[in-house]
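# Geometric and topological summary
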Amino acid sequence: MKRVDGQNAVITGGASGIGLATARLFLEEGARVTIADINAETLGPAAEDLSGIGPVHAVEADVSKMADGARIVEEADAAHGGIDIVVCAAGIPSRSRLHKLEEDEWDRIIGVNLKGIYTVVKAAVPKLKARGGGAIVTIGSEMGFVADREAPAYNASKGGVIMFTKALALDLIADNIRVNSLCPGITQTGLLEQELQISEDPAATREEFANWAPIGRTAEAREQAYGVLFLASREASFAVGATLLLDGGFTAR
């Protein structure tokens, strides 16, 4: 049996990176999928590509806005007749030390990476309850465990994701809704390329990233998507408030 066969999933940040890889894997495993993304240029082609695998609905939205979070959920519910799984994969990078970290960047990082989970989950919980339960998977980071002086806003956002996940897990398990977090290490995605571009020294940062994890390479997005699939599936039935670190050994040191 396919691992999420017949289930309806909502995936934010679904037009690229780990979100897109997760959408593809979920469709292969029998789910119906709604992908949401702020980037219309990538959202359309992603949805068209995914539609060759299975049922997919696309929503252009900014998860940092409460109304957009609710709209994602309502459109997903209408498109597929319910919601069983929510994956919060929308995220943006920050490579600004404190002396260069301006208020608008701080607000945007926290707004997308942390508040963006709140806006979607708050709207989705009644839909999950109506189905008798379900699964929520947030995307944290190894940077929720280990600090980087170059990324205090990102550290704060991902540390918040981990604790928010745990609080939600305790709150929602009584309604048969499991909440867990995948915490990726360095992964080859558009987000990683953005980090390189906005760093003070892109060449030095690229070299740093190449030697980042003890495994000696960056992850592929699909490797992370398998972790999301596990947490969302029945195989993780005893996982509540867990953080699954797929970081190539970075935090083991």
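Here goes a summary of the coordinates provided.

What counts, and where the lines are drawn
- Residues numbered from 1 in each chain as written.
- Predicted model: local features only at pLDDT ≥ 70, side-chain atom pairs only at ≥ 80, totals over all residues.
- Heavy atoms only, no water.
- Buried < 20%, exposed > 50% of the residue type's maximum accessible area, 1.4 Å probe, protein only.
- Helix = DSSP H or I, 4+ residues; strand = E, 2+ residues; numbered from the N terminus.
- Right-handed = clockwise from strand over helix to strand, strands pointing away.
- Pairing = 2+ DSSP bridges.
- Polar contact = N/O pair within 3.5 Å; in protein donor to acceptor, adjacent residues only side chain to side chain.
- Core = buried A, V, L, I, M, F, W, Y, C linked by side-chain atoms within 4.5 Å.
- Contact = heavy atoms within 4.5 Å.

## A few points about the pairing of strand β2 (residues 32-37)
Most of β2 sits out of view: 5 of its 6 residues are buried. Note that the unit made of strand β1 (residues 8-12), helix α1 (residues 17-28) and β2 has a crossover that is right-handed. Pairing between β2 and strand β3 (residues 56-60): 5 bridges, direction parallel. Residue pairing in the sheet places valine 33 in a bridge with valine 56 of β3. Since β2 and β3 lie parallel, the crossover through helix α2 (residues 40-50) that links them has a hand, and here it is right-handed.

## Some words on the side chain of serine 96
Tracing the sequence through the fold places serine 96 in the loop between β4 (85-88) and α4 (103-130). A polar contact is formed between the side chain of serine 96 and the side chain of glutamate 105, at a distance of 2.9 Å.

## A look at the nonpolar core
Within the largest apolar cluster, 29 residues are counted, with the highest numbers of intra-cluster contacts made by Phe26, Val33, Ile35, Ile85, Val87, Val137 and Val228. Of all the secondary structure elements, the ones that give two or more residues to this core are β1, α1, β2, α2, β4, β5 (134-139) and α8 (221-232). Ignoring sequence-local partners within four residues, the contact set of isoleucine 35 consists of Ile11, Gly14, Ala23, Leu43, Ala46, Ala47, Leu50, Val56, His57, Ala58 and Val59. Ala61, Val121, Leu172 and Val179 belong to the second largest nonpolar core, which has 26 residues in total.

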